[in-house]
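Per-entry structural report
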Amino acid sequence: VMETAKDVSDQNKLKEIKANLHTKFDMKYLDYTDVKDWHTQKDLDYIAVCLNDKWGMASSDGTMKINAQFDSLGAYSDQEEVITCSLNGENYYIDKDGNRKLVGDKSYTYLGSFGSGYAPAQFDGKYGYIDKDFKEYHFEYDYAGAFANGIAAVQKNGKWALINDKFKSVTDFIYDDIKIDLRLPEWGRSL
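Residues numbered from 1 in each chain as written. Predicted model: local features only at pLDDT ≥ 70, side-chain atom pairs only at ≥ 80, totals over all residues. Heavy atoms only, no water.

A word on the sheet that holds strand β5 (residues 72–77)
Across a sheet, strands are paired by hydrogen bonds formed along the backbone, either parallel or antiparallel in direction. Taken in spatial order, the four strands of this open sheet run β5-β6-β7-β8, and their pairing is antiparallel. The open sheet is flanked by β5 and β8 (100–102), the only strands paired with a single partner. Adjacent strand axes in the sheet meet at a mean angle of 40°, parallel and antiparallel pairs treated alike. (Pairing = 2+ DSSP bridges. Helix = DSSP H or I, 4+ residues; strand = E, 2+ residues; numbered from the N terminus. Axes fitted to C-alpha atoms, helices over the stretch in contact; angles between N-to-C directions.)

Okay, here's the thing in structure tokens:
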């Protein structure tokens, strides 16, 4: 039984108790069937975790922030403060507490993370972009990636190109593969 401060008349004993309290720690064992990359943005630090084939969100101390209930869970979009998710075949965006936040009128096959005000989306076999009001832009691609630093990779007829956040071509569709360095400056915005 631990003594309280009022029970200790000897100040040295109190210092010893205090020192012992500072060195105590708890070990937590977490058991997930899968985990994704850590996401750290603003006031949110989490990892997407899978339990029993459902995805949720855990904080760095292991506390579940969003219960494992989703079929998939994407990255947090700092811009719109949402996370893309899928549940029972429906794709939409939730807030950091797991509440539905942005939901379209259509059944999108895929929704990506927001960047430069737009998120990639797939509907009826084609990719394009949506804004937070689900207004659609350029659903003409075989694949569309998220914008990073004002640039996104898009694919048509098996070839890749880069576009800027004004949906203008930065390159022609001539590449077999494209890798984007997210640390690049926003050189594509002015094109």
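Here we look at the confidence of the model for the chain
In low-pLDDT regions, the fine details of the predicted coordinates are not to be read closely. Looking at the chain, pLDDT values average 84 and 81% of them are 70 or higher. Note on residues 183–191: pLDDT under 50 across the span, and 15 contacts to partners over four residues away in sequence or across chains. (pLDDT = per-residue confidence, 0-100. Contact = heavy atoms within 4.5 Å.)

Side note on the sheet that holds strand β14 (residues 151–156)
Taken in spatial order, the three strands make up an open sheet running β13-β14-β15, and their pairing is antiparallel. Strand pairing shows two members of the sheet lacking a second neighbour, β13 (143–144) and β15 (159–164), which therefore form its edges. As judged from the two bridges shared by β13 and β14, these two strands associate in the antiparallel manner. Among the inter-strand pairings, A144 is bridged to a residue of β14, identified as V154.

A closer look at unusual backbone geometry
Its identity is not glycine, yet S116 carries a phi of approximately 55°, on the positive side. In this fold, S116 is placed in the loop between β9 (110–111) and β10 (119–123). One non-glycine residue, N157, lies in positive phi territory at about 50°.

Describing the packing of aromatic side chains
Tallying each qualifying case throughout the model produces 16 aromatic pairs. Each member of the aromatic cluster is reached from another via a ring pair, and the members are Y93, Y108, F114, F123, F134 and F139. In this structure, R100 packs its charged tip against the face of Y92, placed 4.2 Å from the ring centre. In this structure, K106 is placed above the aromatic ring of F123, and the distance from its NZ or CZ to the ring centre is 4.4 Å. (Phe/Tyr/Trp six-rings, centres within 6.5 Å; stacked < 30°, edge-to-face > 60°. Lys NZ or Arg CZ within 6 Å of the ring centre and 35° of its normal.)

Remarks on the side chain of S59
Structurally, the position occupied by S59 is in strand β3 (residues 54–59). Classification of S59 as buried rests on a relative accessible area of 12%. Apart from the residues lying within four places of it in its own chain, the contact partners of S59 are W38, D45, Y46 and K65. (Buried < 20%, exposed > 50% of the residue type's maximum accessible area, 1.4 Å probe, protein only.)

Regarding the side chain of T171
Note that T171 resides in the segment after β15. Reaching out from T171, the side chain makes a polar contact with the backbone nitrogen of L162 at a distance of 2.9 Å. When sequence neighbours within four positions are dropped, the list of residues in contact with T171 reads A161 and L162. (Polar contact = N/O pair within 3.5 Å; in protein donor to acceptor, adjacent residues only side chain to side chain.)

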